[in-house]
Amino acid sequence: MSRYHKKLNPDLLTFLWSVIASIFSLGGLCGALIGGSMAIRLGRKGALLMNNIIAILGSILMGISFPTGMFELLIIGRFLIGINSGIGICVQPLYLGEVAPKHLRGGMAMGSSIFLTGGILTGQIIGLRELLGGETYWPLLLSSSCFPAFAQLVFLPWFPESPRYLLIDRGDELSCVKALKRFHGSLQYQMEMEDIQRECFALNGEKSKKPWQLFTDRGVRWQLITVIVMTMGQQLSGINAGLLIDCVGRRFLIVGGYLLMTLWSIVLTFSLTYQELHSWVPYVSMTSIFAFILSFGLGPGGITNTLTAELFIQSSRPAAYMIGGAISWISFFTIGMLFPFIVNGLKQYCFLVFLVECAVVAAFIFVVIPETKNKSFLEIKKEFHKLNFGRNTKEKETELYERRQLHDEF
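Residue positions are given per chain, counted from 1 along the sequence in the order it is written. Local features are withheld for residues below a pLDDT of 70 in this predicted model, meaning they are given only at 70 or higher, and side-chain atom pairs are given and counted only at 80 or more; totals for whole chains, interfaces and linings count all residues. The basis for every side-chain value is the complete set of non-hydrogen atoms in the structure, without hydrogens or water.

A look at the overall build of the chain
Stage number 1. Numbering of helices and strands runs from the N terminus, with a helix taken as a DSSP run of H or I at least four residues long and a strand as a DSSP run of E at least two residues long. A tally of regular secondary structure across the chain gives 19 helices and zero strands.
Stage number 2. Throughout, exposure labels follow a simple rule: accessible area from a 1.4 Å probe, protein chains only, divided by the maximum for the residue type, with under 20% read as buried, over 50% as exposed, and the rest as partly exposed. Counting the 410 residues in the chain, one finds 45% classified as buried.
Stage number 3. The long-range fraction of contacts in the chain, counting pairs at least 24 apart against all pairs at least 6 apart in sequence, stands at 79%.
Stage number 4. Accessible areas in this description were obtained via Shrake-Rupley with a 1.4 Å probe; residue shielding takes into account the shown protein chains only. Surface accessibility of the chain: about 21,800 Å² in total, with carbon and sulfur atoms responsible for 68%. By definition in these notes, contact holds between two residues if any of their heavy atoms fall within 4.5 Å.

Re the confidence of the model for the chain
Stage number 1. pLDDT measures the predictor's confidence residue by residue and takes values from 0 up to 100. Mean pLDDT over the chain works out to 76, with 76% of the residues at or above the 70 mark.
Stage number 2. Within the chain, helix α6 (residues 146-155) carries the highest mean pLDDT (91), whereas helix α12 (residues 245-248) carries the lowest (42).
Stage number 3. Low confidence marks residues 236-248, where pLDDT is under 50. Its contacts with residues over four positions away, or in another chain, come to 46 contacts.

Details of the packing of aromatic side chains
The relative placement of two aromatic rings is captured by the distance of their centres and the angle of their planes.
Stage number 1. Stacked, tilted and edge-to-face are the three classes assigned to paired rings of Phe, Tyr and Trp, where Trp is represented by its six-membered ring and a pair needs centres within 6.5 Å; plane angles under 30 degrees give stacked, over 60 edge-to-face, the rest tilted. One pass over the full model with this rule turns up three aromatic pairs.
Stage number 2. Taking the centre distance of 5.6 Å and the plane angle of 70° together, the rings of F24 and W329 count as edge-to-face. A residue pair is termed long-range when its members are at least 10 positions apart, and F24 in helix α1 (residues 10-41) and W329 in helix α16 (residues 317-346) qualify at 305 residues.

Some thoughts on the pattern of salt bridges
Stage number 1. Whenever a carboxyl oxygen of Asp or Glu lies within 4 Å of a side-chain nitrogen of Lys or Arg, that contact is scored as a salt bridge. The full count for this structure, using the stated rule, is three salt bridges.
Stage number 2. The residue R3 makes a salt bridge to E72 at a minimum N-O spacing of 2.9 Å. In this pair, R3 is assigned in the segment before α1 and E72 in helix α3 (residues 71-99), connecting sequence segments 69 residues apart.
Stage number 3. For E72, a relative accessible area of 28% corresponds to the partly exposed category.
Stage number 4. Between R44 and E98 there is a salt bridge, and its shortest N-O distance comes to 2.8 Å. A residue pair is termed long-range when its members are at least 10 positions apart, and R44 in helix α2 (residues 44-68) and E98 in helix α3 qualify at 54 residues.
Stage number 5. Look at E98 and you get buried, because its relative accessible area is 4%.

Quick word on the environment of I342
Stage number 1. Take I342: it is sitting in helix α16.
Stage number 2. Residue I342 is classed as partly exposed on the basis of its relative accessible area, which comes to 24%.
Stage number 3. I342 sits eleven residues away from V353 along the chain, and the two C-alpha atoms are 8.6 Å apart.
Stage number 4. Excluding its chain neighbours within four sequence positions, the residues that come into contact with I342 are K347, C350 and V353.

Some remarks on the packing of α1 against α3
For any two helices packed against each other, the geometry is given by the interaxial angle and the distance between the axes.
Stage number 1. Helix axes are fitted only over the stretch in contact, all axes being lines through C-alpha atoms; the angle between N-to-C directions runs from 0 to 180 degrees. The contact between α1 and α3 brings their axes to 6 Å, and the two run at 35°. Between α1 and α3 lies a crossing whose hand is right-handed.
Stage number 2. Of the residues belonging to the contact of α1 with α3, the class tally is 22 nonpolar, eight polar and one charged. Crossings are sorted by hand: turned counterclockwise from the far helix by less than a right angle, the near helix makes the crossing left-handed, and turned clockwise it makes it right-handed. Side-chain classes are defined by residue name, with Ala, Val, Leu, Ile, Met, Phe, Trp, Tyr, Cys and Pro counting as nonpolar, Asp, Glu, Lys and Arg as charged, and the others, Gly among them, as polar.

Description of a nonpolar patch on the surface
Stage number 1. Here, patches come from residues exposed beyond 30% relative accessible area and free of salt bridges, joined within 9 Å for like charges and within 5 Å for nonpolar side chains (Val, Leu, Ile, Met, Phe, Trp, Tyr). Side chains of L8, L12, L13 and F15 sit close together on the surface and give an oily, nonpolar patch of about 370 Å² of accessible area.
Stage number 2. Mapped onto the elements of the fold, L8 is located in the segment before α1.
Stage number 3. You can call L8 partly exposed: its relative accessible area is 36%.

Below you can see the structure in the form of structure tokens.
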């Protein structure tokens, strides 16, 4: 109004509000598409450091949008924060998955999902109208996302680069050894070094692949299908229980999580149907919703990122994260658009959609995915070789393939 000296059209206001809200998802999709390339060119740590610059710039633009009266800065800032989120969700679990030892890989990779959920909770709390969500302080609220970026710029340079990236992608064995000693100690790094050398020789100089190359590579066919199915099934958020993942195995947790979600979907459907008949039924509905989200957190919530790192070897891993990230943002946007119509059409039976989805995904994971706990990346790839090339592969083809991938275990 101060710029054009007239009242804003309600339809235009709604459009601008929708753009400001949804531009974040578009930025996330763009960030996911460029995150893998940044991880290859700049390194895992370098990509994360550069990503903080994007976050700080986006925070500044959103913070000054109100004092300057330029709503365009708010849109651009939201888009940049979306790019920051897309890159972070792609590169951060990639870095954690590569630096972690086998017996801790699941818990460390799941840590990113745990703190992601904690960050969302923190944002919701400080975004209350009684705190920073009111008319006076909302520019400060949007600018607050620069603080984690500044913290990472200060602390992350003290951490080593991914040893696997240093040896396999850059061929810098000396820096790889130094990084492994920092992570594992001078007396216990040899085993990890041997594991990285096996993978390096198995790749035989193969360069990092592009996302479209994975779709034509028969050797990663079922790994790619698995990532797509799991990512599309991961559309709700919950409290992640990371302590169990290295105790009982990935497949057990994720299948169990989806089965529990299926069970609670049935309970929730019945409780929503009969809640007007009994006064205690609404409490069952509320309990079922919490149990549904908790079941998601126990299994699918954080294990998807872990398995993406484990199912692919070094040359395919960044591209796999790019594909998974793009599928995740597209599915998130699609479900956000369709779910209101599902609710209007199915009413209290809307959770039947999730029931079918959870049952199908659980069955797929139980049948297709082998257990990956305490296995090296090459051992996991060898498990998928049976699915990708068939169990009746000719002996000669199998021998040549194993020599190429494992190089006789060096």
